[in-house]
Every structure is written in structure tokens, then in C-alpha cells.
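Residue-level structural notes
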Amino acid sequence: MSAQSLQALDVLLERAEAERDEALRLLRDAEARAGAMRQQHEQLAQYRTEYQTRWTQSFARSTTVDILSCYQSFGGRLDQAISQQDLLSNQAEQRLDLIREQLRERELRVASVRKLLERRRLEARRSQDRQEQKATDEQAARALRHSGFGPALRLGH
């Protein structure tokens, strides 16, 4: 494995890690957005409950048709706001799920490239070790031949 090939894999790993990091940033943003949407939905729903309780108590005392009409009109607009916020909250959750899936894919890619790079480095190291061993064996054989013991050892003397 050439040094250029390993360098190309290093660049690929850096790019994959950058994409993963960007997906992680997007996930954090989406989580914050979805949380804010849920919180706003909960606040609106709580406000509606408080509003209904307050007006129910007021109706128990006495009310006019105009006040009842205002109550119903505002209650309707409040219900619309809650429905709209529910829709926005659901969309934010769907986006969050999509971004989570993208992050998983990018994390898998980083892990795959790391594993490939690890294997290639190991292959390169083994190849280098074999070359060094071969060179050492050849050098030892030459030294043995030059010392005069080479032929005698082959004949068993």
C-alpha cells in the first residue's frame, strides 16, 4: 500500500468526520428547535386549560352574551394556535428523526473508513516487515557464503 493511498484515505476520513460533525451540529439544532416547539405547545395547552377554568368560574357568577361571544371567539383562536403549534411540533420531530438517521449514516461511514484505513496500514506494515525480513535473510545468507561456512553447512559438515 503506497503512502499516497494512505494519505488519500486520511483525507477521506477527515471529510467523513467533518460531515459527521456537521450532522451532529444539525442534530443539536433540531433537538433544540423540537424542544422549543414542544414547550410552546405545552404552554399553549396549559394556558387554554387555565383560560377555560377562569372563564368557567366567571360564568358561574354571571355573564352577558357579548362576553360569552368573546370567550368563544378567543377560545377558538386559541384552539387554532394549539393545532398549528401541534403541527409545527410534529414537523420538527419528523425533521429531528431524519437528521438522526443522517447522523447514523455518517457515523457508520466514519467507522467504515477508519476500519479500512486501519486494515490498509496493517497490510502496509506487514508488507514492510516481510521486505525487511527478506532483506535480513538475504544479508545473512550472503554473510554466511562470504565466511566460508556456507557450502560446508549445506553438505552437513
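Refer to the structure presented above.
A brief report on the enclosed structure follows.

Criteria and cut-off values
- Residues numbered from 1 in each chain as written.
- Predicted model: local features only at pLDDT ≥ 70, side-chain atom pairs only at ≥ 80, totals over all residues.
- Heavy atoms only, no water.
- Helix = DSSP H or I, 4+ residues; strand = E, 2+ residues; numbered from the N terminus.
- Contact = heavy atoms within 4.5 Å.
- Salt bridge = Lys/Arg side-chain N within 4 Å of Asp/Glu carboxyl O.
- Buried < 20%, exposed > 50% of the residue type's maximum accessible area, 1.4 Å probe, protein only.
- Polar contact = N/O pair within 3.5 Å; in protein donor to acceptor, adjacent residues only side chain to side chain.

1. Thoughts on the side chain of Gln-85
Take Gln-85: it is sitting in helix H2 (residues 65-147). The residues contacting Gln-85, other than those within four sequence positions of it, are Met-37, Gln-40, His-41 and Leu-44.

2. Overview of the pattern of salt bridges
Any two side chains of opposite charge can pair, on the condition that their charged atoms come close. Counting across every chain of the model gives twelve salt bridges. Glu-101 is paired through a salt bridge with Arg-104; the nearest N and O atoms lie 2.9 Å apart. In this pair, Glu-101 and Arg-104 are both assigned in helix H2, three residues apart and thus about one turn of the helix distant. In this structure Glu-101 comes out as partly exposed when scored by relative accessible area, which is 35%. Note on Arg-104: relative accessible area 46%, which makes it partly exposed. Overlapping salt bridges bring together Glu-22, Arg-25 and Asp-29 as one network.

3. Examining the environment of Thr-56
Mapped onto the elements, Thr-56 comes out in helix H1 (residues 3-61). The spacing of Thr-56 and Asp-129 is 73 residues in sequence and 86 Å in space, taken between C-alpha atoms. In terms of polar contacts, Thr-56 uses its side chain to reach the backbone carbonyl oxygen of Gln-52, at 2.6 Å.

Honestly, it's all geometry; don't read function into it.
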